Amino acid sequence: MTQLNVPQPNVPKPSTITAFAHSPDRGRGLARDMAVRWALEEVGRPYTVRLVSFEEMKQPAHRSRNPFGQIPTYEEGDLALFESGAIVLHLAQSQQAGRQEASQHGLLPVDGDARMRAVMWMFAALSTVEPVIVQRSEVLLFEQERPWFAARLASIEERIAARLDELAMRLGSSEWLDGDFSAGDLMMVQVLRRLGGSDLLAGNETVQGYVARGEARPAFQRAFAAQRAVYEGRADTN
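Predicted, not measured: the structure shown is a model, and the values here were computed from it.

J.: So what's going on with the sheet that holds strand β4 (residues 79–82)? Which residues, and what values?
T.: The four strands lie next to each other as β2-β1-β3-β4, forming an open sheet whose pairing is mixed. In the strand order of this sheet, the two ends are held by β2 (47–52) and β4, each with one partner. The sheet shows a mean angle of 20° between the axes of neighbouring strands, direction not considered. With four bridges connecting them, strand β3 (residues 73–76) and β4 associate as antiparallel partners. Counted as the bridge partner of Thr 73 is Phe 82 from β4.

J.: Kindly report on the packing of aromatic side chains, identifying the contributing residues and their values.
T.: Under the defined criterion, the tally for this structure stands at seven aromatic pairs. Consider the rings of Trp 176 and Tyr 210, whose centres lie 5.9 Å apart with planes at 65°: the pair is edge-to-face. Of this pair, Trp 176 sits in the loop between α6 (149–171) and α7 (183–192) while Tyr 210 sits in helix α9 (residues 205–215), placing them 34 residues apart in sequence. For the residue pair Trp 176 and Tyr 210, the accessibility class agrees, reading buried in each case. Centroid distance Phe 220 to Phe 224: 6.0 Å. Interplanar angle 25°. Geometry classified as stacked. With Phe 220 and Phe 224 both in helix α10 (residues 218–231) and four residues apart, this pair spans about one turn of that helix. The class of Phe 224 is partly exposed, set by a relative accessible area of 24%. Clustering of aromatic rings is evident, with ring pairs tying together Trp 38, Trp 176, Phe 181, Tyr 210, Phe 220 and Phe 224.

J.: Please give an account of the pairing of strand β1 (residues 15–20) that cites residues and values.
T.: Among the six residues that make up β1, six are buried, leaving the element largely enclosed by the rest of the structure. Taken together, the six bridges between β1 and β2 define a ladder with parallel strand orientation. Paired with Ala 19 across the two strands is Leu 51, which belongs to β2. The handedness of the β1 to β2 crossover, carried by helix α1 (residues 33–43), is right-handed. Relative to β3, β1 is paired through two bridges, and the arrangement is antiparallel. Looking at the pairing, Thr 16 lines up with Glu 75 of β3.

J.: Can you tell me about the packing of helix α5 (residues 112–142) against α7, naming the residues and giving the values?
T.: Relative orientation of the contacting elements α5 and α7 amounts to 10°, with a least axis distance of 7 Å. One element, α5, and the other, α7, form an angle in the roughly parallel class. For the pair α5 and α7, the contacting residues are Ala 118, Trp 121, Met 122, Ala 124, Ala 125, Leu 126, Val 129, Glu 130 and Ile 133 in the first and Ala 183, Gly 184, Met 187, Met 188, Val 191 and Leu 192 in the second. Looking at the contact of α5 with α7 residue by residue, the classes come out as 13 nonpolar, one polar and one charged.

J.: Talk me through unusual backbone geometry; I want residue IDs and the actual numbers.
T.: The phi torsion of most residues other than glycine is negative, and most of the peptide bonds are trans. Of note, the bond from Ile 71 into Pro 72 is cis; its omega dihedral lies within 30 degrees of zero at 5°. Structurally, Pro 72 can be placed in the loop between α3 (60–63) and β3. Even without being glycine, Arg 26 reaches a positive phi, approximately 55°. With respect to the helices and strands, the residue Arg 26 is situated in the loop between β1 and α1. If you check the backbone angles, Glu 83 has positive phi at about 80° while not being a glycine. Within the secondary structure, Glu 83 is located in the loop between β4 and α4 (84–97).

J.: An account of α9 is requested, with residue identities and associated values reported.
T.: Buried within α9 are the following residues: Val 207, Tyr 210, Val 211 and Gly 214. Along the axis of α9, the buried residues cluster in a sector spanning 95°; they form a single face. If you follow the buried residues of α9, they end up packed against α1, α6, α7, α8 (199–202) and α10.

Criteria and cut-off values
- Residues numbered from 1 in each chain as written.
- Predicted model: local features only at pLDDT ≥ 70, side-chain atom pairs only at ≥ 80, totals over all residues.
- Heavy atoms only, no water.
- Pairing = 2+ DSSP bridges.
- Helix = DSSP H or I, 4+ residues; strand = E, 2+ residues; numbered from the N terminus.
- Axes fitted to C-alpha atoms, helices over the stretch in contact; angles between N-to-C directions.
- Phe/Tyr/Trp six-rings, centres within 6.5 Å; stacked < 30°, edge-to-face > 60°.
- Buried < 20%, exposed > 50% of the residue type's maximum accessible area, 1.4 Å probe, protein only.
- Right-handed = clockwise from strand over helix to strand, strands pointing away.
- Parallel < 35°, antiparallel > 145°, perpendicular 65-115°, else oblique.
- Contact = heavy atoms within 4.5 Å.
- Nonpolar A, V, L, I, M, F, W, Y, C, P; charged D, E, K, R; others polar.
- Arc of directions from axis to C-beta.

This is how it looks when you write it as structure tokens:
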């Protein structure tokens, strides 16, 4: 009996990312692997997770993937990347290359101008919005006993509030920053999540609603559950 050669679906091999074995964020999805997990879920790419301790992050094996000894890293065949923004951009570009129709939504639009604007918003999230938010976190963690704490915190929070107001003006009544949800929105929402539970975010309904829409996406929910399972000791990293 003749056997027919039935073409098998082109299923990508799982990529591998690294994440904290014991994340200091206590499962709140604020570590930098969260953006990568979210992007992987958005593009539908299977992945495995290599959990690393703080000690292992500083060892030669991990430094060969990230010379700064940080997470996340990303491995796909012979390709190895670090920096969450670079990894998300790679995933978005890989997804975009497989789409031909402008009606097919992805993390990067098919239209060239719209695509570059999405990349622009990725840079804005990491370069314009995130630094002052990280400063606030560092002040709250390390400087509360310093005599300048109150004045420094007030100054930083004033700068954050100004950024949120500017972002709210851009959003207006729109759901996302530029048309459909994109990698720019993914990075921006993840950066803004660091303000969760603060009066800064609660006091800006437009931006708060924007973050809530991002967190409501099914891909975000899957990514959040996966990283939360690590904290709770329920993770399947394969």
